Structure formats: structure tokens, C-alpha cells
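# Working through the structure, step by step
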Amino acid sequence: ALIMSARTFTDFTTRATFEIKKCDLFLLDEGPATQVVLTRDEGLQYYRTMQVMRRMELKADQLYKQKMIRGFCHLYDGQEACAVGLEASINLSDHLITAYRVHGYTYTRGGTVKEIMAELTGRRGGIAKGKGGSMHMYCKTFYGGNGIIGAQGQIFETYNMAALWKLPVIFVCENNRYAMGTSVERAAASTDYYKRGEFIPGLRVDGMDVLCVREATRFAADHCRSGKGPILMELQTYRYHGHSMSDPGLSYRTREEIWEVRSKSDPIAMLKDHMLSHNMASVEELKGIDVEVRKEIEDAAQFATTDPEPPLEELCNHIFYNEPPFEVRGTNLWTKLKSLS
């Protein structure tokens with residue numbers, strides 16, 4: 001039997017205007033727009049991308065607990081609106097450098113769920129051929145995570161040089177309220193991170209709302225591209241997991257706090273409410289996306305747990321770009337490994 005839904009896509013609103021939270025400004029006369037337009041296609045795309053990130057991280061949590069993923073693993077669930085909103089207002093040809101909480105950005109930069117999951121399990125089909133793991137994933141114009149905390153640049157010297165040379169750089173602080181296990185209030189005399197550039201204009205943005213992040217990034221990108229020099233964005237967000245998988249995340253905050261953020265400010269739920277309340281999608285359609293995403297994640301996890309590990313002979317490959325083969329001494333004097341690149 002063929003069952004047809006009575007509701008067709010022509011019934012939906014194709015675009016709607018939303019009022020979003022005003023950004024706090026530093027050294028700026030005006031800020032991003034507070035009335036923004038979202039199209040149905042954009043909304044569905046943002047929803048799907050954030051769901052992929054969320055489900056991918058929950059699957060990574062499961063695989064880590066099954067000891068299929070080893071070592072460090074920093075999950076991004078809760079912060080999805082930051083990556084999705086930011087990518088919505090820049091181009092893939094723009095260069096992106098990030099810290100070690102990297103899985104979501106690897107996906108938005110063009111990596112596939114399969115490649116990311118296989119990298120987490122250290123398999124040959126991983127995005128860094130199984131040799132990078134959670135913190136070291138790369139795409140074109142994406143410089144991967146950085147395993148050393150704060151090593152994204154000696155930040156104040158970087159601010160100074162960027163301002164002196166009027167470089168088109170957007171500095172982004174994803175403030176998820178905890179540095180490892182220390183709350184920002186306990187760690188910083190001033191929590192106005194968007195003012196830390198001192199002589200660089202800054203924005204403080206609701207990092208849980210994908211539309212706020214999108215508009216702030218659009219404003220920041222226009223600022224940079226018009227030759228005005230660098231700008232700083234603080235995205236106020238929240239991570240649901242602990243700092244890494246070795247941190248339960250409950251010794252320095254309560255379950256109630258996490259639940260309150262989840263219930264009131266979840267980025268996926270917020271976008272879903274926007275779309276449903278403005279007749280831009282149906283509950284059934286969004287559920288259909290959820291089912292597709294779950295299947296994509298399950299297929300990727302299956303691949304990531306059955307794909308072979310990289311052979312030992314590949315250990316020394318890709319140390320240098322475009323170099324002739326060379327020998328590397330192994331763990332003792334008698335073993336030699338040969339590079340192929």
C-alpha cells in the first residue's frame with residue numbers, strides 16, 4: 001500500500017524573520033543585526049549538521065567506554081551552534097585553526113563521519129590515516145586540533161601583531177564556562193574575554209543560538225574583509241561532557257546545572273522550536289532527519305571498528321611533505337623503518 005502524507009512541502013514557510021539576542025560590544029559603535037532571516041533550507045541544513053555532531057559525539061562516548069577509542073578524547077556536544085553558526089558565515093577557502101575539541105569542525109570543514117570515527121579508533125580509513133586520533137584531524141584550509149592547551153598562539157603577542165599589521169583575523173573564544181575543571185569565575189579576575197584584545201574590537205555572543213553566532217560571524221567577517229583589521233568574538237556556550245573522557249564533569253558542577261542548560265538553552269532544541277513555531281518544518285520531517293543521521297552514525301561506527309589498523313611500515317610516512325624516502329631507527333638499534341614520502 002502507498003501511503004501519502006496530506007502535508008506537502010509547499011505548505012511550509014520558506015523564510016522567516018527572527019529577533020535574536022543583542023551582542024555586547026567593545027570598541028564598536030554598532031554590532032550585528034538583531035533581526036535576521038532564516039530560510040527553510042538553511043534551517044534544515046543547520047539542524048542536520050548539529051544532529052550529526054551530537055550523535056557522533058554520543059557514539060564516540062560509547063566507543064570510548066567500550067575501549068574501542070583510546071587516549072585523549074574531547075567531546076563537543078553542547079557547543080554545536082558555535083561551529084555551525086561560524087561556518088555559515090565564512091567560506092571553505094578561509095583558513096580555520098582550532099584547539100583540540102576538534103571533531104565538529106573537522107566535519108564542517110569537509111571531513112566525513114566515517115573518516116572522523118575511524119580516526120578516533122586509529123584505523124587506516126581515518127582522516128589522518130589513523131595516526132592522529134581525537135586531537136589531530138586535518139582538511140584543506142583546516143589546520144587540525146592542537147594538543148597543547150593555549151598553544152593556538154602566544155595570544156597577546158598575536159593580538160599585537162594582528163592589530164599592528166591590520167590582519168584579517170577573527171579570534172574566537174568558545175567560552176564553555178570551564179577551563180578543564182575550573183569555572184571561569186574562579187580562574188579569571190575579569191570574565192569579559194571579548195575585551196581581552198585591549199586594542200582589538202570585540203563581541204560577546206550567545207554561543208548556544210546558531211543564528212546569533214551566524215550573524216556575529218557575518219559581522220566579524222565583513223569587518224575583516226573590509227580592511228579594518230582583526231576582531232575578537234567570545235561565544236558563550238556550554239559543554240555537556242567533562243573536559244575529556246577521563247573527566248566525569250561532575251566534581252566541579254552539579255547535574256542540575258547541566259540539566260538546566262540542556263532544558264533551557266540546547267542549541268538543537270532552540271533551532272527546532274524556531275522552525276516548528278514558524279511552520280518551517282514538521283515534527284515528522286525532523287524525526288526523519290534524526291533517523292537518517294542515526295543510521296549514518298551507526299554505519300560509520302561499524303566501519304570504524306572493522307577497518308584495519310595502519311600497518312607498521314606506514315609509521316614513518318608523512319613526517320615531511322614531498323621528501324624522498326629515508327630510514328628511521330626503530331625502538332631498538334636493530335630495527336629500521338623506511339618512509340615512503
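These remarks concern the structure in this document. Just so you know, these numbers come straight off a predicted model, no measurement behind them.

### Considerations on the packing of helix α1 (residues 40-65) against helix α4 (residues 113-120)
It is the contact of α1 with α4, at a shortest axis distance of 11 Å, that shows an interaxial angle of 25°. It follows that α1 is roughly parallel to α4 by the angle criterion. Two packed elements cross with a definite hand, and for α1 against α4 that hand is right-handed. Within the contact between the two elements, α1 uses Val-52, Met-56, Lys-59, Ala-60 and Leu-63 and α4 uses Val-113, Ile-116, Met-117 and Leu-120. A breakdown of the residues in the contact of α1 with α4 according to their chemical character gives eight nonpolar, no polar and one charged.

### Thoughts on the side chain of Lys-59
By the element assignment, Lys-59 lies in helix α1. Within the structure, Lys-59 has its side chain in polar contact with the side chain of Glu-298 (distance 3.0 Å). Excluding residues that lie within four positions of it along the chain, Lys-59 makes contacts with Met-117, Ile-297, Glu-298 and Ala-301.

### As for a nonpolar patch on the surface
A contiguous nonpolar patch, built from Met-161, Leu-164, Trp-165 and Leu-167 and spanning about 430 Å² of accessible area, is present on the exposed surface. Secondary-structure assignment places Leu-167 in the loop between α5 (155-164) and β4 (170-175).

### Notes on the side chain of Asn-175
Tracing the chain through its elements places Asn-175 in strand β4. Within the structure, the side chain of Asn-175 is placed 3.0 Å from the side chain of Glu-234, a separation counted as a polar contact. Residue contacts for Asn-175: discarding those within four places in its chain leaves Val-184, Tyr-193, Glu-234, Leu-235, Gln-236 and Thr-237.

### Looking at the packing of α1 against helix α2 (residues 80-87)
As a packed pair, α1 and α2 sit with axes 10 Å apart at the nearest point and diverge in direction by 140°. Regarding the angle of α1 to α2, the classification is oblique. The two elements α1 and α2 cross, and the hand of that crossing is right-handed. Only Glu-80, Ala-81, Ala-83 and Val-84 of α2 make contact with α1, whose side of the interface consists of Tyr-46, Thr-49, Met-50, Met-53 and Arg-54. For the contact of α1 with α2, the per-class residue count stands at six nonpolar, one polar and two charged.

### Concerning the packing of aromatic side chains
Under the definition given, this model contains six aromatic pairs. Consider the rings of Tyr-178 and Tyr-252, whose centres lie 5.2 Å apart with planes at 50°: the pair is tilted. Here the residue Tyr-178 occupies a position in strand β5 (residues 178-179), and Tyr-252 occupies one in the loop between β8 (231-236) and α8 (255-265), the gap between them amounting to 74 residues. In this structure Tyr-252 comes out as buried when scored by relative accessible area, which is 18%. Looking at Arg-262, its charged tip hangs above the ring of Tyr-240, at a distance of 4.1 Å from the centre.

### Focus on the state of the cysteines
Considering all chains together, one arrives at zero disulfides under this definition. Cysteine Cys-23 remains unbridged, with the sulfur of Cys-212 as its closest cysteine sulfur at 6.3 Å. Cys-139 takes part in no disulfide bond, and the closest cysteine sulfur, belonging to Cys-73, lies 17 Å away. On the basis of relative accessible area, Cys-139 is assigned to the buried category, the value being 18%.

### Describing helix α9 (residues 267-277)
Taken as a whole, α9 has its buried residues at Pro-267, Ile-268, Met-270, Leu-271, His-274 and Met-275. Down the axis of α9, the buried set is contained in an arc of 165°. They therefore lie on one face. On its buried face, α9 is in contact with β1 (15-19), β3 (35-39), α1, α2, α7 (210-225) and α8. Between a side-chain oxygen at the N-terminus of α9 and the backbone nitrogen of Ile-268 the separation is 3.1 Å; the capping residue is Asp-266. Just beyond α9, the residue with positive phi is Asn-279, at close to 55°.

Conventions and cut-offs
- Residues numbered from 1 in each chain as written.
- Predicted model: local features only at pLDDT ≥ 70, side-chain atom pairs only at ≥ 80, totals over all residues.
- Heavy atoms only, no water.
- Axes fitted to C-alpha atoms, helices over the stretch in contact; angles between N-to-C directions.
- Helix = DSSP H or I, 4+ residues; strand = E, 2+ residues; numbered from the N terminus.
- Parallel < 35°, antiparallel > 145°, perpendicular 65-115°, else oblique.
- Left-handed = near helix turned anticlockwise from the far one by under 90°.
- Contact = heavy atoms within 4.5 Å.
- Nonpolar A, V, L, I, M, F, W, Y, C, P; charged D, E, K, R; others polar.
- Polar contact = N/O pair within 3.5 Å; in protein donor to acceptor, adjacent residues only side chain to side chain.
- Patch = residues over 30% accessible without salt bridge, like charges linked within 9 Å, V, L, I, M, F, W, Y side chains within 5 Å.
- Areas by Shrake-Rupley, 256 points an atom, 1.4 Å probe, with all protein chains shown as cover.
- Salt bridge = Lys/Arg side-chain N within 4 Å of Asp/Glu carboxyl O.
- Phe/Tyr/Trp six-rings, centres within 6.5 Å; stacked < 30°, edge-to-face > 60°.
- Buried < 20%, exposed > 50% of the residue type's maximum accessible area, 1.4 Å probe, protein only.
- Lys NZ or Arg CZ within 6 Å of the ring centre and 35° of its normal.
- Disulfide = S-S within 2.5 Å.
- Arc of directions from axis to C-beta.

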